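# Observations on the model geometry
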Amino acid sequence: MKNISVLGSTGSIGRSSLDVIDKLSHRFKVVGLTAGRNTQLLEKQVEKFNPKIVSVEKKEEAEELKRRLKDKSIRVTFAQEGAEEVASFSENDIIISAITGIDGLRPTLAAVQEGKKIALANKESMVVAGPLIQDRIRKFGAQLIPVDSEHSGVFQCLAKEKMENVKKITLTASGGPFFRKPPSEMNNITLEEALNHPRWKMGKKVTIDSATLMNKGLELIEAHWLFGLAPRQLGILIHPQSIVHSLVEMSDGSVLAQLSPTDMKIPIQYALTYPEREDSLLPSLNLSEIKALEFYEVDTEKFPIIKLSRLALEEGESFPIVLNAANEVVVSAFLEKRIKFMDISEVVSAIVENHQKRKVQSLEDIFDVDRETRRASLDLLKKRS
Ligand SMILES: NC(=O)c1ccc[n+]([C@@H]2O[C@H](COP(=O)([O-])OP(=O)(O)OC[C@H]3O[C@@H](n4cnc5c(N)ncnc54)[C@H](OP(=O)(O)O)[C@@H]3O)[C@@H](O)[C@H]2O)c1
């Protein structure tokens, strides 16, 4: 029996993870959970899974939850330190890192430093701190298994391959809700339209990132740090069916691909059971029903964030942190209906293009760049309003 803590258990990945764990309850037991503000759902999860430690974002909510759970022997903690405490809980065997944004970084690092197995969904951690995380993985002997479907696909293709034989990795993207929208109609996109993803049901932030294609830009940087390939060896193809999750071209001309139904429970389960496999409860992939699998180049004029992400990847150092921080700020503003959809790429572009590269050597450096970029992005939003 393996003990699991789920960081971000009330989110889309967190809930799917608990479904997988519930189905595999003969192999896995929940010992820790963290939530942000959704303490009602967390309480239901506590009733069902009986963890030993939980954390929420705010102190008052932790105190209220503690009162409601007074009959249980459970530690209730809060804030970043609380999430870090759950991540480094001594009884953990596996930690699922599924908090959104840079807020997931410290808890992810806390899990790495315990030398445990980490199922990583929180791609922003890898984007802003790839070298630091890889360094600590080596130092503390942790194991990181990607949960992002594209990276899980690559990981599965590479299971028996030597990295020196890999020529190119291509991540696929559904294209989001606006793949077929004429550029002339991109100016009047509503929040509701942007949240209406054609293939995946996800949290709000990653859904907007999928609509701008920032999600793919972040994944490109994540892939660079996960698999150690040069930027020119990493590509993106639009694949509206979201069945082929990635392609790995080998030096001998073979192209390996991983296909599966469009459901995050598949890569989550693989990350938990790796290197073994368990039966899926999902219906099998039926290609004769799907019939056509299409692939298209990305229109980088319509989705300029892809060019910007490549720039951040190639420049490295502080650039990916700036890209991520500016994006987190403008996506929040869009979710609050304070800006228009096309403002997202315009503001992120302005911030990234004006950035002067800085060396990043520590966690403090990362948070300094993050803080300064957030301030600059908010100032720019204010100037434009
Ligand atoms: N959803 C997908 O299909 C998918 C696929 C691949 C990768 N990912 C990645 O997985 C991560 C999570 O995505 P998601 O779609 O599951 O997002 P989500 O539905 O928005 O869930 C985010 C989780 O993080 C918690 N959280 C947010 N801010 C927090 C904070 N400051 N402190 C503590 N907890 C906080 C939320 O808590 P409350 O809800 O309680 O506030 C929730 O449990 C992201 O990095 C995303 O890019 C997602």
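A few points on the structure. Quick caveat: nothing in here was measured; it's all calculated off a predicted structure.

### Considerations on helix H6 (residues 123-140)
Taking 1.5 Å of rise per residue, 18 residues should cover 26 Å, yet H6 covers just 20 Å from first to last C-alpha, more than 12% shy of that figure. In H6, a bend of some 100° at Ala129 exceeds every other bend along the element, and Pro131, a proline, comes one to four places later. Within H6 the residues assigned to the buried category are Lys123, Glu124, Ser125, Met126, Val127, Val128, Ala129, Gly130, Leu132, Ile133, Gln134 and Ile137. Two residues or fewer past H6, Gly141 is found with a positive phi of approximately 70°.

### A word on the site of the ligand
Near the ligand there are 24 residues, and of these Thr10, Gly36, Arg37, Glu124 and Gly203 occur at the shortest range. Take Gly11: an N or O atom from its main chain is 3.0 Å from an oxygen atom of the ligand. Side-chain polar atom of Glu124 to an oxygen atom of the ligand: 2.7 Å apart, as the coordinates give it. Protein coverage of the free-state accessible area of the ligand, which is 900 Å², stands at 85%. For the shell around the ligand, the secondary-structure elements that each account for two or more residues are helix H1 (12-23) and H6. Looking at side-chain class alone, the shell around the ligand contains eight nonpolar, 10 polar and six charged residues.

### Things to note about the pairing of strand S5 (residues 94-97)
Here S5 shows two buried faces, one formed by Ile94 and Ile96 and the other by Ile95 and Ser97. Strand direction decides the pairing type here: S5 and strand S6 (residues 117-120), joined by four bridges, are parallel. Each bridged residue has a counterpart across the sheet, and for Ile94 the counterpart in S6 is Lys117. Following the chain from S5 across helix H5 (residues 105-113) to the adjacent parallel S6, one finds a crossover that is right-handed.

### Re the sheet that holds strand S4 (residues 75-78)
Strand pairing within a sheet occurs via backbone hydrogen bonds; the two strands may be parallel or antiparallel. With parallel pairing, the seven strands of this open sheet are ordered in space as S4-S3-S2-S1-S5-S6-S7. Looking along the sheet, the strands with just one partner apiece sit at the ends: S4 and strand S7 (143-146). Looking at each pair of strands side by side, their axes are set apart by 25° on average, direction ignored. Strand direction decides the pairing type here: strand S2 (residues 28-34) and strand S3 (residues 53-56), joined by three bridges, are parallel. When the bridges of S3 are listed, Leu33 appears paired with Val54.

Reading guide: rules and limits
- Residues numbered from 1 in each chain as written.
- Predicted model: local features only at pLDDT ≥ 70, side-chain atom pairs only at ≥ 80, totals over all residues.
- Heavy atoms only, no water.
- Helix = DSSP H or I, 4+ residues; strand = E, 2+ residues; numbered from the N terminus.
- Expected span 1.5 Å × (residues − 1).
- Bend = angle between axes of the 7 residues up to and from the residue.
- Buried < 20%, exposed > 50% of the residue type's maximum accessible area, 1.4 Å probe, protein only.
- Near = heavy atom within 4 Å.
- Polar contact = N/O pair within 3.5 Å; in protein donor to acceptor, adjacent residues only side chain to side chain.
- Areas by Shrake-Rupley, 256 points an atom, 1.4 Å probe, with all protein chains shown as cover.
- Nonpolar A, V, L, I, M, F, W, Y, C, P; charged D, E, K, R; others polar.
- Pairing = 2+ DSSP bridges.
- Right-handed = clockwise from strand over helix to strand, strands pointing away.
- Axes fitted to C-alpha atoms, helices over the stretch in contact; angles between N-to-C directions.

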